[in-house]
Amino acid sequence: MTSKDSGRSTPARPVSELFSDPRLREKLGVEEIELSSTPPEVPRRRTRGRDPATRLEDGKLIAVWFGLWALLALATLFGRSAWPTDETRFLAVAWEMWVRGDFLLPTVNEQLYSQAPLVPWLIHLGWAVFGVVEWWARLVPLSASLLSLVLTWRIALLLWPNHGEVARFAPLVLLGTVSWSAFAGLASAHHWLVATVLFAVWSILIIWRRRDHRAWLLLALATGLGLLTQGWVFALYVYPVALLIPLWAREGRRPEWGYWYLDIAKSLIIGALPLALWLLAIGWRAGWTSVYELTLRAPPLLPLDILPIRPEPWWYAVWLPIVFLPWSVWPIVWLRHWQLRRAALNAGLLFCLVWVLASVAGLAAIPGAQAQWLAPLLPAGALVVSFLALDEELRGADENRLLAAMTMPVVLLGAAVIIAPKLPQPEWAPDFVWSISPLVGFGIMVVGVALAWLPVRETRRRVSDMAIVGTLFVVLAVLGLGVEFDRQWSVTGTAQYLSGVERAGRPIAQIGDYHGEYHFAGRLTRPIAVLSAARANQWAENYPNGVIIADETIWRPQARTAVALHKAQRHEPQLVVWDARSLLAVAIDVNPETP
C-alpha cells in the first residue's frame with residue numbers, strides 16, 4: 001500500500017506505528033475529546049416516530065384529548081347561549097364591524113373599543129361562508145384552544161426530545177386543568193393570545209434545539225399574529241424568555257449570541273409591521289387620537305367582568321396555585337420535585353420556570369391583576385407536571401405511597417369547606433365559599449377517604465383519570481349551570497324585542513352602562529343611547545316615540561301611567577323596557593300609546 005505526496009510514492013506506515021507515535025496519539029486524543037464534547041444534534045425526525053407502536057400510542061392519546069375537547073366544545077355551543085357581558089361584547093365587536101363593512105375600527109355601540117382586529121377578521125371569514133351565525137363566532141375561540149393543545153404537544157417534544165410519553169400526556173394534563181377547561185369555553189379573544197404565544201415559544205425552541213436560523217421567520221409570523229390579537233402585551237409572554245436564554249439553555253451547544261439576538265430582533269421588527277400598518281390606517285382614517293386610545297390610553301389586557309380585578313401585583317402569587325388545580329395539590333408532583341432538589345434541572349424545566357417567572361414579572365408591572373391573564377402560562381405548568389409525573393427516570397418512585405394519592409388533598413378540602421364559614425371572610429374571597437353548607441364539606445371528606453381504598457394505579461393511569469374527570473366536571477358544570485344561567489340572564493328575548501323596536505324606527509336608550517349586550521343577538525344596526533337616571537325624562541321629551549331599558553335596581557319611573565312594554569324572562573334584577581311617551585303622560589296630559 002502506498003500513499004502519494006506531491007507525486008512521490010512512499011511506503012505506508014503500519015497502523016501499530018501510527019499509535020506508537022506520541023504526537024499522533026496526542027493529536028488523536030485531543031480530537032477525540034473535542035468530538036465527544038460536542039453532543040449530537042437532535043434530528044429533525046425522531047426515530048421513535050417511525051415505530052408503529054409509538055404511532056399507535058400517540059394516536060390513542062390524541063384521540064382521547066381531542067374527544068374531550070370536542071365534548072367541551074359541544075357543551076359550550078349547545079348547552080348555553082352567549083353570556084353577558086363579556087361574550088356578548090365580544091360578539092358585538094365583530095357584528096358592528098361586519099354590519100358597517102368597516103374592518104379597521106373595532107367598536108361597541110359605535111364607540112371605539114380597544115380590541116385588536118385579528119379575531120374579528122377570523123369571524124368575518126366564516127360569516128362570509130356560512131352567513132352571520134353565532135356558532136361560528138364562538139367556534140373561533142374554541143378552535144384556538146384546540147390549536148393550543150397541539151402546540152403544547154409540539155413544545156414538549158422539543159423540550160424533552162427523548163421523553164415521548166411526556167409530550168403525549170402534556171395536552172391531556174392541560175385539559176385536566178380545571179381553569180383551562182372552564183376558560184376554553186369562553187368566547188373571548190384571549191384564546192388566540194394563548195395560541196399565538198405558544199406558536200412563538202415553539203418557534204424559539206426550534207431555533208435553539210435544531211439550530212435552524214430560518215425559524216426566526218416563524219417567530220416573526222407568530223409575533224405578527226400575536227400583536228394583531230392582543231397588542232404589545234403579547235411580547236411580555238414571549239420575548240423575556242427568549243432574551244434570558246443563558247439561564248435555561250443548559251443542554252448541547254449554546255447558540256452564538258450574536259446570531260441569536262439578531263434573529264430575535266429581526267422577528268420582533270418584522271412581526272410588528274402588520275400592527276403598525278393597522279394603526280397607521282386607523283390614524284389616517286379616524287385621526288391619531290384613535291391610535292392613542294387604542295395603544296396608550298386603553299388597558300393593555302382586556303379585563304373580564306366575571307372576574308374581580310385586584311391592584312396588587314402579589315395577587316398573581318395567590319392565583320397561581322388556584323389556576324393550576326388539581327395538579328398544584330397533587331402530592332406526587334411535589335414528591336418528584338423533592339427528589340430533584342439536589343440534581344441540576346434540565347433545560348426543559350428551566351425553560352418553563354424562566355418562562356413563567358419572567359412573564360409574571362412583566363404582568364406585575366401592569367396595573368390591576370386578573371386570573372385570566374395567567375392563561376398563556378397554563379401550558380408551562382402542564383409541561384412541568386407531565387415531566388415530573390411521567391419522566392422515565394422518575395417513574396415508579398413514590399407511586400405506591402398513600403401520600404402520593406389525592407386522598408389527603410381531598411380530605412383537607414372538605415375540612416376547609418366545613419371550617420371556612422366560621423372564620424372571618426377576607427374582602428378578596430368569593431362570597432359563595434362562606435355560604436356552602438358544612439354537609440358539602442363532610443361529603444367531600446367521605447370521597448377523600450374512599451379514594452384511599454381504591455387500588456393503587458401507575459402514574460400514567462392516574463394522570464389520565466384525573467384529566468378525564470376534571471374535563472368532564474367542567475362539561476357537566478357548563479350543561480348544568482348554563483341552563484340556570486340562561487333562565488336568569490339570557491339577553492336573547494330582550495334583544496329580539498329591541499330588534500322589532502328598531503325596525504319600527506323607534507329610538508332606544510338604556511339607563512346605566514351598556515356593553516353591547518343586545519347588538520348581536522338582536523342584529524341591531526343603530527347605537528343605543530346611554531343615559532343617567534337624571535336624564536331619563538329629558539330624553540323621553542326629546543324622543544317620545546322611543547323606549548328606555550332599565551334595571552329596576554337602577555331606575556324605576558315615578559309616573560303611575562308608565563307602561564312596561566317588555567319584561568325579561570328572568571329573576572332579579574328585573575329588566576324592563578319602558579315606553580317613553582307613557583313616562584310623560586302626567587306632564588303633557590295625554591293618554592299613553594300602547595303598541
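Residues numbered from 1 in each chain as written. Predicted model: local features only at pLDDT ≥ 70, side-chain atom pairs only at ≥ 80, totals over all residues. Heavy atoms only, no water.

Further remarks concern the overall build of the chain. Across its full length, the chain carries 26 helices and 9 strands. By the burial criterion, 49% of the 595 residues in the chain qualify as buried. Across the chain, the fraction of contacts at a sequence separation of at least 24, relative to all contacts at a separation of at least 6, is 74%. Surface accessibility of the chain: about 29,600 Å² in total, with carbon and sulfur atoms responsible for 64%. (Helix = DSSP H or I, 4+ residues; strand = E, 2+ residues; numbered from the N terminus. Buried < 20%, exposed > 50% of the residue type's maximum accessible area, 1.4 Å probe, protein only. Contact = heavy atoms within 4.5 Å. Areas by Shrake-Rupley, 256 points an atom, 1.4 Å probe, with all protein chains shown as cover.)

The next subject is the environment of Phe 78. Here Phe 78 shows up in helix α3 (residues 52-79). Sequence separation of Phe 78 and Gly 482 is 404 residues, and the distance between their C-alpha atoms is 9.6 Å.

Across the chain, the average pLDDT comes to 80, with 78% of residues at 70 or higher. Every residue in residues 586-595 scores below 50 in pLDDT, and together they form 12 contacts with partners more than four places removed in sequence or on other chains. (pLDDT = per-residue confidence, 0-100.)

Before going further, it helps to examine the pattern of salt bridges. One pass over the full model with this rule turns up 11 salt bridges. Arg 506 is the partner of Asp 579 in a salt bridge, and the nearest nitrogen-oxygen pair spans 2.8 Å. Here the residue Asp 579 occupies a position in strand β9 (residues 575-579), and Arg 506 occupies one in the loop between α23 (492-503) and β5 (508-511), the gap between them amounting to 73 residues. A single burial state applies to Asp 579 and to Arg 506, both of which are buried. Measuring nitrogen to oxygen at the nearest pair gives 2.5 Å for the salt bridge that ties Arg 556 to Glu 552. (Salt bridge = Lys/Arg side-chain N within 4 Å of Asp/Glu carboxyl O.)

In this section: the nonpolar core. Core analysis: the largest hydrophobic core is formed by 111 residues, its most contacted members being Leu 205, Val 238, Trp 248, Trp 355 and Leu 383. In terms of residues, this core owes the most to one element, helix α9 (residues 190-210), which gives 12 residues. Ignoring anything within four residues of it in the chain, the contact list for Val 238 reads Val 197, Ala 200, Ile 204 and Leu 219. Core analysis: the second largest hydrophobic core is formed by 17 residues, Ala 82, Ala 94, Ala 137 and Trp 192 among them. (Core = buried A, V, L, I, M, F, W, Y, C linked by side-chain atoms within 4.5 Å.)

Next up on the list: the packing of aromatic side chains. Two descriptors summarise a pair of aromatic rings, namely the distance from one centre to the other and the angle between the planes of the rings. Inspection of the entire model under this criterion finds 15 aromatic pairs. For the pair Trp 160 and Phe 387, a centre-to-centre distance of 4.9 Å together with 20° between the ring planes defines the contact as stacked. On the criterion of sequence distance, the pair formed by Trp 160 in the loop between α6 (134-159) and α7 (164-176) and Phe 387 in helix α19 (residues 378-390) is long-range, its members being 227 residues apart. An aromatic cluster is built from Trp 95, Trp 98, Trp 127 and Phe 520, whose rings are joined through pairwise contacts. It is Arg 523 that lies over the ring of Trp 95; its NZ or CZ is 5.9 Å from the centre. (Phe/Tyr/Trp six-rings, centres within 6.5 Å; stacked < 30°, edge-to-face > 60°. Lys NZ or Arg CZ within 6 Å of the ring centre and 35° of its normal.)

Taking burial as the measure, the 5 residues of β9 include 5 buried ones, the bulk of the element. The alternating pattern of β9 places Leu 575, Val 577 and Asp 579 and Val 576 and Trp 578 on opposite faces, both of which are buried. Strand direction decides the pairing type here: strand β7 (residues 547-551) and β9, joined by 5 bridges, are antiparallel. Across the sheet, residue Val 547 finds its bridge partner in β9, namely Asp 579. Both strand β8 (residues 564-567) and β9 contribute to a ladder of 3 bridges, which runs antiparallel. Residue pairing in the sheet places Ala 564 in a bridge with Trp 578 of β9. (Pairing = 2+ DSSP bridges.)

Here we take up helix α18 (residues 347-364). Between its first and last C-alpha atoms α18 spans 25 Å; for 18 residues at 1.5 Å apiece the expected length is 26 Å, and the two agree. Among the 18 residues in α18, 14 count as buried, and that is most of the element. With a side-chain oxygen positioned 3.0 Å from the backbone nitrogen of Gly 348, the residue opening α18 is Asn 346. (Expected span 1.5 Å × (residues − 1). Polar contact = N/O pair within 3.5 Å; in protein donor to acceptor, adjacent residues only side chain to side chain.)

A few words now on the sheet that holds β9. Sheet architecture is open: 5 strands sit in the order β6-β5-β7-β9-β8, paired in mixed fashion. Each edge of the sheet is formed by a strand with only one pairing partner; in this case those strands are β6 (529-531) and β8. Neighbour-to-neighbour, the strand axes of this sheet turn through a mean angle of 25°, independent of strand direction. Inspection of the sheet shows β5 paired to β7 by 3 bridges, in the parallel sense. Each residue of the ladder has a partner; that of Ile 508, found in β7, is Val 547. (Axes fitted to C-alpha atoms, helices over the stretch in contact; angles between N-to-C directions.)

Their axes nearest at 10 Å, the elements helix α4 (residues 86-100) and helix α5 (residues 118-130) cross at an angle of 65°. Considering the relative orientation of α4 and α5, their crossing is right-handed. Within the contact between the two elements, α4 uses Phe 90, Val 93, Ala 94, Trp 95, Met 97 and Trp 98 and α5 uses Val 119, Pro 120, Trp 121, Ile 123, His 124, Trp 127 and Ala 128. Per-class residue counts for the contact of α4 with α5 are 12 nonpolar, 1 polar and no charged. (Left-handed = near helix turned anticlockwise from the far one by under 90°. Nonpolar A, V, L, I, M, F, W, Y, C, P; charged D, E, K, R; others polar.)

Taken together, the buried positions of helix α16 (residues 315-323) are occupied by Trp 315, Tyr 316, Trp 319 and Val 323. Along α16, the residues classed as buried sweep out an arc of 85° about the axis, all on the same side. As for α16, its buried residues are in contact with α8 (178-184), α18 and α19. (Arc of directions from axis to C-beta.)

On to the pairing of β7, then. Most of β7 is tucked away: 5 of the 5 residues are buried. Burial along β7 is two-sided: the face carrying Val 547, Ile 549 and Asp 551 and the face carrying Ile 548 and Ala 550 are both buried.

What you tend to see is this: most non-glycine residues have negative phi, and most peptide bonds are trans. With an omega of 0°, the peptide bond between Pro 84 and Thr 85 qualifies as cis. Here Thr 85 lies in the loop between α3 and α4. Looking along the chain, the bond that leaves Leu 325 and enters Pro 326 is cis, with omega of 5°. Here Pro 326 is to be found in the loop between α16 and α17 (331-339). Phi angles above zero are rare outside glycine, and Asn 109 is one such case at about 60°. Its place among the elements puts Asn 109 in the loop between β3 (107-108) and β4 (111-112). The class of Asn 109 is buried, set by a relative accessible area of 8%.

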